[in-house]
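Residue-level structure breakdown
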Amino acid sequence: MEDPRIRFDSRTAFSLALKHRVDAYFQATGRSRGGGARMMLKTAVIFAWLFAGYAGALALGGFLGGSGSWIAVIAFGLSCGLATAGLGMAVQHDGGHLAYSERRGINKAAASVLDLLGASSYVWRVKHGVIHHTYTNIEGVDDDLDAAPFARMAPSQKHHRAHRFQHLYMWPLYGFLTAKWFLFDDFSNLARGRIGTHRIRRPRGLDLGILVGGKIVHFAWALLIPILVLGLGKGLVFYAALSVACGVTLSVVFQLAHCVEEAEFASTSEAQAQTRDFAAHQLATTVDFARGNKLLSWYVGGLNFQAVHHLFPRVSHLHYPALAKIVEQTAAEFGVRYRATEKLRAALRSHYRWLRRMGSGEAVGLA
Ligand SMILES: [Zn+2]
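An unreviewed UniProt entry annotates the protein as Linoleoyl-CoA desaturase of Enhygromyxa salina.

See the structure below:
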């Protein structure tokens, strides 16, 4: 599974100090690394948001006449899209990393929420849990950087003339991310048995059942039932609104952590040149943002503390603000740069500027 050409050292003095201090934090506070009752409540709140939006779309979209029903379908569809993105970021993501709970079965259930939302949690485990989390921002291995031919995200990627406008056209294109992922990428990855340079085994048993069942249930609730209740036109519009809101949200949150001017990138050959300090690599390639924004932190499931998440993926995101302080202090002591953009607006501008620089054909930021 691992890429043998790129080596990491996760037992450097910096990594060990981080681990030791975080262990001490959990010992001193007596808290568990999982999310506990607060995560159960959070999950219930976001599911209730999704159900309310869904019921609103089906009820008002069906009963209201004229343009009112179309507006209701679009508004509730967008709301459902934001709720599904919230479930992905705050519930499934922790579950997939075994961080939602101390109990394995609960983590599996939380991880499988992704299948209800449309994507395979089995494929995600390899694509995100292994590849993205180990080979972060290493072009050619980290599949999350691959937006070819539409965009050039990293300095060692090929440049095309059309990329000159990517800082403008990529924002709406992000809206198609989830539809492409659910309808195409999952199947093509499994058919080829590969994600980028990594092999992925075909799922069997329970994994296969969850994958097939998840796809069927997803398309039933998100597309088929709305079409049956609202008619073909409104049903398709509902799915489009849901899909666009979810795709833009997930893409932008990901991009603000990794595809910004403050983040570093490496080509595969550069990464192979020397053994890399795992913790320092994660901090160089990942940027936190808007850490003081409590509502945003709640909604994005701590993914605005993504540098902390990359260092401690098995800890519930509810602990990230506390862990960020430990990471910041330890990094300063060891002379490692820990990057955080304080405002959401500044992080958005940084992603815009990065897209523009990469689109101009500039080769910058090689680590
Ligand atoms: Zn993750």
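Having put the structure on the table, let's press on.
Focus on the confidence of the model for the protein
Per-residue pLDDT for the protein has a mean of 90; in total, 97% of the residues score no lower than 70. Within the protein, helix α12 (residues 294-299) carries the highest mean pLDDT (97), whereas helix α10 (residues 268-272) carries the lowest (78).

Let's talk about the packing of helix α1 (residues 13-29) against helix α14 (residues 320-334)
Each pair of packed helices gets described by two things: the angle between the helix axes and the distance between those axes. Taken N-terminus to C-terminus, the directions of α1 and α14 make an angle of 150°; their axes are 10 Å apart at the nearest point. In the packing of α1 onto α14, the handedness of the crossing is right-handed. Residues Ala13, Phe14, Ala17, Leu18, Arg21, Val22, Tyr25 and Phe26 of α1 form the contact with α14, whose own contacting residues are Ala322, Leu323, Ile326, Val327, Thr330, Ala331, Glu333 and Phe334. Classifying every residue of the contact of α1 with α14 by side-chain character gives 13 nonpolar, one polar and two charged.

Examining the UniProt feature "domain: Fatty acid desaturase" (unreviewed entry) in the protein
Residues given the UniProt feature "domain: Fatty acid desaturase" (unreviewed entry) here are residues 69-340. The annotated region residues 69-340 carries 64% helix and 5% strand content, and the separation between its end C-alpha atoms amounts to 43 Å.

Quick word on the coordination of the zinc ion
Around a metal, the idealised angle for a tetrahedral arrangement of four donor atoms is 109.5 degrees; for an octahedral arrangement of six donor atoms it is 90 or 180 degrees. Here the zinc ion is held by His93 (NE2), His97 (NE2), His128 (NE2), His133 (NE2) and His309 (NE2), and the distances to it run 2.1 to 2.2 Å. Taken in sequence order, the residues that donate to the zinc ion follow the motif H-x3-H-x30-H-x4-H-x175-H. Taken together, the residues span a long stretch of sequence, with His97 in the loop between α3 (66-96) and α4 (104-117) and His133 in helix α5 (residues 121-134) at a distance of 36 residues. In this pair, the class of His97 matches that of His133, namely buried.

Looking at the state of the cysteines
One pass over the structure, following the stated rule, counts zero disulfides. Here Cys80 is not cross-linked by a disulfide; its sulfur's nearest cysteine counterpart is in Cys246, at 11 Å. According to the relative accessible area criterion, Cys80 is buried, its value standing at 0%.

With respect to the packing of helix α7 (residues 177-192) against helix α9 (residues 232-258)
The contact between α7 and α9 brings their axes to 6 Å, and the two run at 105°. With respect to each other, α7 and α9 are oriented roughly perpendicular. Contact with α7, carried on its side by Leu177, Thr178, Ala179, Trp181 and Phe182, involves Tyr239, Ser243, Cys246, Gly247, Leu250 and Ser251 of α9 and no other residues of that element. Across the contact of α7 with α9, the residue classes tally to seven nonpolar, four polar and no charged.

With respect to the packing of aromatic side chains
For the structure shown, the criterion picks out twelve aromatic pairs. Ring geometry for Phe14 against Phe334: centres 5.6 Å apart, planes inclined by 50°, an arrangement best described as tilted. With Phe14 in helix α1 and Phe334 in helix α14, the pair connects residues that are 320 residues apart, well separated along the chain. Since its relative accessible area comes to 35%, Phe334 is described here as partly exposed. Consider the rings of Tyr54 and Phe238, whose centres lie 6.0 Å apart with planes at 55°: the pair is tilted. Taken together, the residues span a long stretch of sequence, with Tyr54 in helix α2 (residues 36-63) and Phe238 in helix α9 at a distance of 184 residues. As far as burial versus exposure is concerned, Tyr54 and Phe238 are alike and both buried.

Focus on a nonpolar patch on the surface
Together, Leu224, Ile225, Leu228 and Val229 line one region of the surface with nonpolar side chains, adding up to about 380 Å² of accessible area. Mapping Val229 onto the fold places it in helix α8 (residues 205-230).

What about the environment of Ala110?
Relative to the elements of secondary structure, Ala110 occurs in helix α4. Residue Ala110 is classed as buried on the basis of its relative accessible area, which comes to 5%. C-alpha of Ala110 to C-alpha of Gly96: the two residues are 14 residues apart in sequence and 7.3 Å apart in space. Not counting the four nearest positions on each side in its chain, Ala110 is found in contact with Val91, Gln92, Gly95 and Tyr100.

Rules behind the numbers
- Residues numbered from 1 in each chain as written.
- Predicted model: local features only at pLDDT ≥ 70, side-chain atom pairs only at ≥ 80, totals over all residues.
- Heavy atoms only, no water.
- pLDDT = per-residue confidence, 0-100.
- Helix = DSSP H or I, 4+ residues; strand = E, 2+ residues; numbered from the N terminus.
- Axes fitted to C-alpha atoms, helices over the stretch in contact; angles between N-to-C directions.
- Left-handed = near helix turned anticlockwise from the far one by under 90°.
- Contact = heavy atoms within 4.5 Å.
- Nonpolar A, V, L, I, M, F, W, Y, C, P; charged D, E, K, R; others polar.
- UniProt positions renumbered as here; feature names shortened; annotations may be inferred.
- Donors = N, O, S within 2.8 Å, 3.2 Å for Na, K, Ca; no water.
- Buried < 20%, exposed > 50% of the residue type's maximum accessible area, 1.4 Å probe, protein only.
- Disulfide = S-S within 2.5 Å.
- Parallel < 35°, antiparallel > 145°, perpendicular 65-115°, else oblique.
- Phe/Tyr/Trp six-rings, centres within 6.5 Å; stacked < 30°, edge-to-face > 60°.
- Patch = residues over 30% accessible without salt bridge, like charges linked within 9 Å, V, L, I, M, F, W, Y side chains within 5 Å.
- Areas by Shrake-Rupley, 256 points an atom, 1.4 Å probe, with all protein chains shown as cover.
- Salt bridge = Lys/Arg side-chain N within 4 Å of Asp/Glu carboxyl O.

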